[in-house]
Amino acid sequence: MEPGKYLQVAVVGVGGVGTQVVEQLITNPNYGFQLAALTSSKRMLQPTKDLCINFVAWKDALKTSETPVDLSAVKNTLQELVKQGEKAVFIDNTSSQDVAEMYPALLSAGINVVTPNKKAFSGEVGLYQGIVQASKSGRYLHESTVGAGLPIISTLRDLVETGDKVVKIEGVFSGTMSYIFNNFSSVEGSDESFSSIVKGARAQGYTEPNPADDLNGADVARKLTILARIIPELKDEQGNFPLLHGYKSVETTSLIQDAPASAVSNGDEFMKWLPEQDSHFAQMREQAANEGSVLRYVGVVDVKNKIVKAELAKYSKTHPFATSLGGSDNIIMFHTERYGKRPLIVQGAGAGNDVTAMGVVSDILKLIRP
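Quick caveat, the model's predicted, so the values are computed rather than measured.

## Considering the overall build of the protein chain
Working step 1: Helix and strand content of the protein chain: 18 helices and twelve strands.
Working step 2: Relative to a compact globule of 370 residues, whose C-alpha radius of gyration would be 21 Å, the protein chain shows 22 Å and is just as compact.
Working step 3: Here the C-alpha coordinates of the protein chain stretch approximately 70 × 45 × 35 Å along the principal axes.
Working step 4: Expressed as a percentage of its 370 residues, the buried residues of the protein chain come to 51%.
Working step 5: Considering only intrachain contacts with a sequence separation of at least 6, the fraction spanning at least 24 residues in the protein chain is 69%.

## Quick notes on the packing of helix α10 (residues 175-184) against helix α11 (residues 194-203)
Working step 1: Contact geometry for α10 and α11: axes closest at 10 Å, N-to-C directions at 135°. Our classification of the angle between α10 and α11 gives oblique. As for the relative orientation of α10 and α11, their crossing is right-handed in sense. Listed contacts from α11 to Y179, I180, F181, N183 and F184 of α10 are F194, I197, V198 and A201.

## Thoughts on the UniProt feature "binding site: NADPH" (unreviewed entry) in the protein chain
Working step 1: Under the UniProt annotation, "binding site: NADPH" (unreviewed entry) lies at T94 and K118. Across 25 residues, the annotated set stays spatially compact, with a maximum C-alpha separation of 9.5 Å. As for the largest pocket, its lining draws on T94 and K118 from among the annotated residues.
Working step 2: Residue position: T94 is located in the loop between β4 (87-92) and α4 (97-100).
Working step 3: When sequence neighbours within four positions are dropped, the list of residues in contact with T94 reads V12, G13, V99 and N117.
Working step 4: For T94, the side chain forms a polar contact with the side chain of D92, separated by 2.6 Å.
Working step 5: Tracing the chain through its elements places K118 in the loop between β5 (112-114) and α6 (119-122).
Working step 6: With residues near it in sequence (within four places) discarded, K118 still touches T145, D219, R222, K223 and I226.

Rules and cut-offs
- Residues numbered from 1 in each chain as written.
- Predicted model: local features only at pLDDT ≥ 70, side-chain atom pairs only at ≥ 80, totals over all residues.
- Heavy atoms only, no water.
- Helix = DSSP H or I, 4+ residues; strand = E, 2+ residues; numbered from the N terminus.
- Rg over C-alpha atoms; globule rule 2.2 N^0.38 Å.
- Buried < 20%, exposed > 50% of the residue type's maximum accessible area, 1.4 Å probe, protein only.
- Contact = heavy atoms within 4.5 Å.
- Axes fitted to C-alpha atoms, helices over the stretch in contact; angles between N-to-C directions.
- Parallel < 35°, antiparallel > 145°, perpendicular 65-115°, else oblique.
- Left-handed = near helix turned anticlockwise from the far one by under 90°.
- UniProt positions renumbered as here; feature names shortened; annotations may be inferred.
- 1 Å grid on protein atoms, 1.4 Å probe; cavity = no way out; pocket = protein on both sides within 12 Å on 5 of 7 lines; lining within 4 Å.
- Polar contact = N/O pair within 3.5 Å; in protein donor to acceptor, adjacent residues only side chain to side chain.

This is the structure we're talking about:
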């Protein structure tokens, strides 16, 4: 095989998003992908000298594989391919901290990294700094960590790299929170209880198995951390990245701060407890309605005042956050010097396996397009 003819691809994690990533790669055969490795949580496939992994038949092959997962072996395989003049990419479709901590070593070895995994970019600043420093040898692309398939990170990078100054970013970053409050606090008005709407969202798969993991605001805080670290003006005088402790440094309003430990750790117990909060949320909804407003759970990166926060806020019924959202849409506004009078707005589905995989595959294509 001629060196550099194919992009050597290692797919780590083939759950909902990972499966869609592989299927979308199959639909792009003209780009020249070669599977170098494929792993589930328990098994993996790697080609031999005489056998390549069949893209189309990968599910059956993985199901019958007797080879346990060894990510060090995957790294070594890709590293050898790079030494032979091949271009390689490690695609992490997991939400694993352990896998995220591999990124600096992968990048240093000249292996590109593409991922929807937020952990590496929204945790302690040391890992993030290690990734940035190692990216001199390999590229890291993580568009889908913030808006699934929406061009949020690429838009921000384009603004920054062309010299625009970001004043503020604000938006509805969580598809779960969007669905819940679009229905609970609509422009038309609603009488349905908060717990009933959360129950419906859970049944439709819009929430995590335990909705407490959505309602604590941590997912929004992670996305804000990722964006804040891209903005040069938020670095300190020594050039250090902001939010030393990642998403834990974000001012985050949890909607379940009074929940007992048993509810936080178990989805069914949480749903039994949640109706106790219905009167509290109904009161906030009524107060907002009396002011001509709706409730929205938003994230804000205020560059001028150096504030990063995730909170439940009131917005006028004429505001785009009230009028433009439907279902589990995300909407993000970029207020910049260039976009001063009218902000740049990105809106659309911000969750779902197919659109998240689209964001991943789009990043992969950036590695091979001229």
